[in-house]
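Listed below are the residues making up each chain.
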Amino acid sequence: MDIQRIREDFPILNRTIYGKPLIYFDNGATTQKPRVVVDSLVNEYYSVNANVHRGVHYLSQQATELHEASRETVRQFINAQSTNEIVFTRGTTESINLLASTFGEAFMKEGDEVIVSVMEHHSNIVPWQLLANRKGISIKVIPMNDCGELMLDEYKKLFSNRTKIVSIVQVSNVLGTVNPVKEMIRIAHAHGVPCLIDAAQSIPHMKVDVQELDADFLVFSGHKIYGPTGIGVLFGKEEWLDKLPPYQGGGEMIQHVSFEKTTFNELPFKFEAGTPDYIGTTGLAKALDYVSNIGIEQIANYEQELTEYALKRLYEIPDMHIFGKAADRGSVISFQVGNIHHFDLGTLLDRLGIAVRTGHHCAQPLMQRLGIEGTVRASFGLYNTKEEVDQLIMGIERIRNMFN
Ligand code: PLP
């Protein structure tokens, strides 16, 4: 991979912060956008803009073609069988809420159970809790070992005849752990239970193939894979989506409406009430094409090498504590240094132009399990370099010396 050439695609990387070149290590929160993505948004507004699926006029048809072509790009990217299985949403959070709400409505009743893991993002906990409050279901939690790996033996013990769904993250946004979701889906299926995979932190960094995983549902956000904000995906096997009731009501999701009876549109439109973000879907498709053109395997290998380098260098710092030592890990590193508060460390790194995340990373149950309030998190994207990692190390050393 020619990183310098890739960096030129991202205008924001030329910025300075407090007079220092920006080093952007907050890719787990959101990624920067290549020019092709931003250009596609601007160009579509300037030259195509019209509401989709409704108009007989030229622009509307062109906008509809772009929008539906984007669905096909997503289908290919995750290797779904059909575009009927690709529902556009606002992002991972909305996708999980959609699923929890509709699946809960159709298939869960008081006393039923959902299995999640201790390392879930709040967006894969709270929707199930809202459902629990409404329906009286209960939530079972897969524990992890001290390396930050889910305990599969404990997972197997959580199944009962009340288990209706498993909902787990593929890559932890805090620990970087890559969970063995293929095996976990197989185990769920052996119990006749479907599985939702939160791919928010995996899809930008590794090949995600829904058929190979045999995932029943899989969700992700466009903005974490170099695409626009406000657009995301819910993949669901057609046989499942067919059985679920609509989520929101409105235009587009209906076949026929009368005050006596309304019938619903076919998949995937049944779940897409109202005007969709058709500009955003084009941007998302451009982002996926951008990633595909570089090659997701190449990106994975490059980021793996960068992460190993960063881990090695971080461990050279005395008092360094890294959370998450899973054998299989992605490009997210959470740490604390001595007694320096994570906010102080993050704020001082920012003064050096280095953007990292601090806090609980929307994973408070995981923080409780770790017995901490928060960490500093560096998360890499395809444009980060070893030189930037060296700057991070120098920055931490400097701050450490200040505190000592
Ligand atoms: N799941 C995981 C693992 C995440 O890291 C995030 C965001 O950080 C989300 C879900 C929520 O994504 P969004 O805010 O794009 O809906």
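Remember, predicted model here, so these are calculated numbers, not experimental data. Numbering of residues starts from 1 in every chain and runs along the sequence as written. In view of the model being predicted, local features appear only for residues whose pLDDT reaches at least 70, and side-chain atom pairs are presented and counted only at 80 or more, with totals across whole chains, interfaces and linings using the full set of residues. Neither water nor hydrogens contribute to the side-chain values; these are computed over all heavy atoms in the structure.

(A) The arrangement of the pairing of strand E8 (residues 195–198) in detail. By the alternation rule, side chains of E8 split into Cys195 and Ile197 and Leu196 and Asp198, which are all buried. Where strand E7 (residues 163–169) and E8 come together, four bridges link them in parallel fashion. Paired with Ile168 across the two strands is Ile197, which belongs to E8. Crossover handedness is defined here as right-handed if the route from the first strand over the helix to the second strand goes clockwise, with the strands pointing away from the viewer. Runs of H or I in DSSP of at least four residues are treated as helices and runs of E of at least two as strands, each being numbered from the N terminus. As for the winding sense of the linkage, the β-α-β connection from E7 through helix H7 (residues 181–190) to E8 is right-handed. Only when DSSP finds a minimum of two bridges between them are two strands counted as paired. Here E8 runs beside strand E9 (residues 217–221); their pairing, made up of three bridges, is parallel. Paired with Ile197 across the bridge in E9 is Leu218. The buried label goes to any residue with under 20% of its type's maximum accessible area, the exposed label to any with over 50%, and the partly exposed label to all in between, with areas taken from a 1.4 Å probe on protein chains only.

(B) View of unusual backbone geometry. Following Leu267, the chain continues into Pro268 via a peptide bond in cis, with omega recorded as -5°. Residue position: Pro268 is located in the loop between strand E12 (262–264) and helix H10 (278–294). The backbone of His53 shows a phi angle near 65°, a positive value even though the residue is not glycine. Take His53: it is sitting in the loop between helix H2 (35–47) and helix H3 (58–78). Residue classification places His53 among the partly exposed residues on the basis of a relative accessible area of 30%.

(C) A look at the site of the ligand. If you check the shell around the ligand, you find 13 residues, and the closest are Thr93, Asp198, Ser221, His223 and Lys224. In the model, an oxygen atom of the ligand is placed 2.5 Å from a nitrogen or oxygen of the Thr93 side chain. Pairs of N or O atoms within 3.5 Å make up the polar contacts considered here, provided that, within protein, one atom can donate a hydrogen while the other can accept it, and that residues adjacent in sequence are counted only when both atoms are side-chain atoms. At 2.7 Å, a side-chain N or O of Gln201 approaches an oxygen atom of the ligand. Residue burial considers only the protein chains on display, and all accessible areas are found by Shrake-Rupley using a 1.4 Å probe. In the complex, the protein chains occlude 85% of the 390 Å² of accessible area that the ligand would expose alone. Near is defined per residue: the residue qualifies when any heavy atom it owns lies within 4 Å of the molecule or strand.

(D) A look at the sheet that holds strand E17 (residues 375–379). Sheet architecture is open: four strands sit in the order E13-E14-E17-E16, paired in antiparallel fashion. Here the strands that pair on one side only, and so sit at the sheet edges, are strand E13 (320–323) and strand E16 (357–359). Neighbour-to-neighbour, the strand axes of the sheet open up by a mean angle of 30°, direction not taken into account. Across four bridges, the pairing between strand E14 (residues 332–337) and E17 is antiparallel. Across the sheet, the residue bridging to Ile333 is Ala378, located in E17. Convention adopted: a line fitted to C-alpha atoms gives each axis, helices being fitted over their contacting stretch, and angles between N-to-C directions are expressed from 0 to 180 degrees.

(E) Main features of the domain arrangement of the protein. Residue ranges labeled as domains rest on an automatic or database domain assignment. According to the domain assignment, the protein consists of domain 1 (3–30 + 295–403) and domain 2 (38–292). Using only C-alpha atoms to locate each centre, domain 1 and domain 2 end up separated by 28 Å. Every contact between the two is made by 38 residues of domain 1 and, on the other side, 31 residues of domain 2. Note: buried area is the sum, over both parts, of the accessible area (probe 1.4 Å) each one loses when the two are combined. Among the residues of domain 1 in contact with domain 2, Ile296, Leu366 and Arg369 are the three that bury the most area, contributing 22% of the side total. Any Lys or Arg side-chain nitrogen located within 4 Å of an Asp or Glu carboxyl oxygen qualifies as a salt bridge. Where domain 1 meets domain 2, there are one salt bridge. Across the pair Arg369 and Asp146 runs a salt bridge whose closest N-O atoms are separated by 2.9 Å. Only helix H11 (296–315), E14 and helix H13 (364–370) provide two or more residues apiece to the side of domain 1 that touches domain 2. Residue contacts are defined here by distance: any two heavy atoms, one from each residue, within 4.5 Å place the two residues in contact.

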